[in-house]
Amino acid sequence: MQEDAYWIREKVKEHSKWFEDSLPMIASENVMSPLAKEMMISDFHDRYAEGLPGKRYYRGNIYVDQVELKCMELARKIFNCKFVDPRPTSGTVANMAALFALCEPGDTITTTSLDHGAHISTAKFGAVGQRGVKTVNYPFNTKDMIIDVDGARKVLLETRPKVAQFGLSVFLFPAPLKELQDTFDEIGCTVWYDAAHVLGLIAGGQFQDPLHEGAHFITASTHKTFPGPNHGIVLGENISEEMEKKMNSAVFPGVTSSHHLHAMAALAVTLAEWEIYGKQYAAQVCKNAKALGQALNELGMDVLCAHKGFTESHTLAVNVGAYGGGQQVSIDLEAANMITNKNMLPGDTSAVKPSGIRLGVQELTRVGMRESEMKEVARLIHKVAVKKQKPEHVKAEVIALKKNFTTVKYCIGDGFEAYKFHELI
Ligand SMILES: *Cc1c(COP(=O)(O)O)cnc(C)c1O
């Protein structure tokens, strides 16, 4: 019905306005540049391409092929790597491709456990389990929020996995790839690094450089710290041609048919913009995360890893167990237009009522916030979470702060409204 169609549009419009008035701090989100956004509503969206550029199953891909080859060229340059497949339609789809290419049902791989920050795609009930692959977890140092290197070495030598997998959704500090490189060599395993959260930081030279620290493959989402479309990517280095072919076939026809050409084009645009603005953006993200951690800490809140500067990424983990727990605090923050998520912290037993919240500063940075705004954000979080001021009252302050930060920065067309709803008819 026409009314339903317009009603749906109104809801999306209301959502957009709400986010314009909010402080979005979900660590896996970001906003796209205007040029990238344009690609999302282009005719590319309406088309199909199956296979690789120049070797498609359908006609009509002359320009699609040119854009995809450019996308691959830019990715190779930015990540300084040999292999790229920009076709997975999300980070999870990229992970499924890796599981198809690198594992057989019945294999055992080594991973980090969920309660130490790993993603559901490496869980028994996620993609890993669906592939029939078993996991053995690395021991984790919960004080430093990092894999225990000696323990991991022991697990690797005992398990001798075909694949050693790394990467987290609460990714505060780099994974110990360099430290474990000798062990990887000794057992001859493939090293797979899930960079969904930190792809932008890696691309900006602000985190670790997995492909040059022993990882053979990176799988990632392209919409978290890397501020592109909701999409995925696989990158590779030091791998055989046979392995490259295997990965390509795992992506298509393994886990995709058409690969969302509009998103591929938006990814290409974001990579091109990254060459100009990426380093600067990624550096500011890391500075802002540390600044927010410091400010919350000075207000008396329990930000994890205070002894080592809180974080080296875009993410902070905060223990709010003393203030009602992650569930209640994230609900209250949402009522004040501060969007966060509850998160399990080491020692928690319930995913439904965990003691933590997770905060990411990548989007606030993208719309222009710097260290001084992080202090303001900390003050607002503290008012709601600790002082238990009425969220509706704090909301007015949130809206006032956000007013000057509603346009996308670090891109061509700097100044474009980040949250504006564009009506086509
Ligand atoms: C977000 C995330 C993914 C999945 O990404 P989607 O693009 O949402 O499918 C995979 N791995 C990790 C570690 C993540 O944090």
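About the cut-offs
Residues numbered from 1 in each chain as written. Predicted model: local features only at pLDDT ≥ 70, side-chain atom pairs only at ≥ 80, totals over all residues. Heavy atoms only, no water. 1 Å grid on protein atoms, 1.4 Å probe; cavity = no way out; pocket = protein on both sides within 12 Å on 5 of 7 lines; lining within 4 Å. Points joined across faces, edges and corners; volume = space filled by probe spheres on them. Nonpolar A, V, L, I, M, F, W, Y, C, P; charged D, E, K, R; others polar. Domains from an automatic or database assignment. Helix = DSSP H or I, 4+ residues; strand = E, 2+ residues; numbered from the N terminus. Contact = heavy atoms within 4.5 Å. Buried area = accessible area lost by both parts, 1.4 Å probe. Salt bridge = Lys/Arg side-chain N within 4 Å of Asp/Glu carboxyl O. Disulfide = S-S within 2.5 Å. Buried < 20%, exposed > 50% of the residue type's maximum accessible area, 1.4 Å probe, protein only. Near = heavy atom within 4 Å. Polar contact = N/O pair within 3.5 Å; in protein donor to acceptor, adjacent residues only side chain to side chain. Areas by Shrake-Rupley, 256 points an atom, 1.4 Å probe, with all protein chains shown as cover. Pairing = 2+ DSSP bridges. Phe/Tyr/Trp six-rings, centres within 6.5 Å; stacked < 30°, edge-to-face > 60°. Lys NZ or Arg CZ within 6 Å of the ring centre and 35° of its normal.

Now for the layout of surface pockets. Taken as a whole, the largest pocket encloses approximately 840 Å³ of empty space. A per-class count over the lining of the largest pocket returns 13 nonpolar, eight polar and five charged. Mapped onto the domain boundaries, the lining of the largest pocket takes at least three residues apiece from domain 1 (36-273) and domain 2 (277-424). What the second largest pocket holds in volume is close to 330 Å³. As for the second largest pocket, its lining consists of 18 residues, of which L114, A118, S169, N343 and M344 are closest to the centre. In terms of residue count, strand β16 (residues 341-343) provides more of the lining of the second largest pocket than any other element does, three residues in total. Three or more residues apiece are contributed to the lining of the second largest pocket by two domains, here domain 1 (36-273) and domain 2 (277-424).

The next subject is the domain arrangement of the protein. Domain annotation for the protein reports domain 1 (36-273) and domain 2 (277-424). Taking only C-alpha atoms into account, the centre of domain 1 sits 27 Å from that of domain 2. Each partner contributes to the interface: domain 1 provides 25 residues, whereas domain 2 provides 32 residues. Looking only at domain 1, the three residues that lose the most surface to domain 2 are L172, F173 and E273, adding up to 27% of its buried area. For the pair domain 1 and domain 2, the number of links is zero salt bridges.

Now for the state of the cysteines. For the structure on display, the rule yields zero disulfides. With no disulfide of its own, C71 lies closest to C81 among cysteine sulfurs, the gap being 11 Å. When its relative accessible area of 0% is taken as the criterion, C71 is described as buried. Note on C81: relative accessible area 8%, which makes it buried.

Moving on, we get to the site of the ligand. Every one of the 13 residues lining the ligand counts as a neighbour, but G91, T92, S169, D194 and K224 are closest to it. S221 is positioned with one of its side-chain polar atoms (N or O) 2.8 Å from an oxygen atom of the ligand. Taking 380 Å² as the accessible area of the ligand by itself, protein coverage stands at 87%. When residues in the shell around the ligand are grouped by element, the largest group, three residues, is from helix α4 (residues 91-102). Its residues assigned to classes, the shell around the ligand comprises two nonpolar, nine polar and two charged.

What follows is about the pairing of strand β12 (residues 232-236). Among the five residues in β12, five count as buried, and that is most of the element. By the alternation rule, side chains of β12 split into G232, V234 and G236 and I233 and L235, which are all buried. Of the strand pairs in this sheet, strand β4 (residues 83-85) and β12 are connected by three bridges, and their pairing is antiparallel. Within the sheet, the bridge partner assigned to F83 lies in β12 and is G236. In this sheet, β12 lies alongside strand β11 (residues 217-221) in antiparallel orientation, the contact comprising five bridges. Its bridge partner being in β12, T219 is matched across the sheet by V234.

Evaluation of the coordinates by the stated rule reveals 11 aromatic pairs. When the ring of F226 is compared with that of W274, the centres are 5.1 Å apart and the planes differ by 35 degrees; the resulting orientation is tilted. Highlighted residues: F226 in the loop between β11 and β12 and W274 in helix α10 (residues 261-298), separated in sequence by 48 residues. Within the aromatic cluster, the residues linked to one another by ring pairs are F226, W274, Y281 and Y410. Above the ring of F173, the side-chain terminus of K308 is found at 3.8 Å from the ring centroid. One cation-aromatic arrangement involves R366 over Y281; the distance from NZ or CZ to the ring centre is 5.9 Å.

A few words now on unusual backbone geometry. Residue P253 follows F252 across a cis peptide bond; omega there is 10 degrees. Checked against the element boundaries, P253 lands in helix α9 (residues 241-255). If you check the backbone angles, N80 has positive phi at about 50 degrees while not being a glycine. Assignment of secondary structure puts N80 in the loop between α3 (62-79) and β4. The phi dihedral of Y410 is positive, around 55 degrees, even though this residue is not glycine. Tracing the chain through its elements places Y410 in the segment after α14 (391-402). The exposure class assigned to Y410 is buried, which follows from its relative accessible area of 10%.

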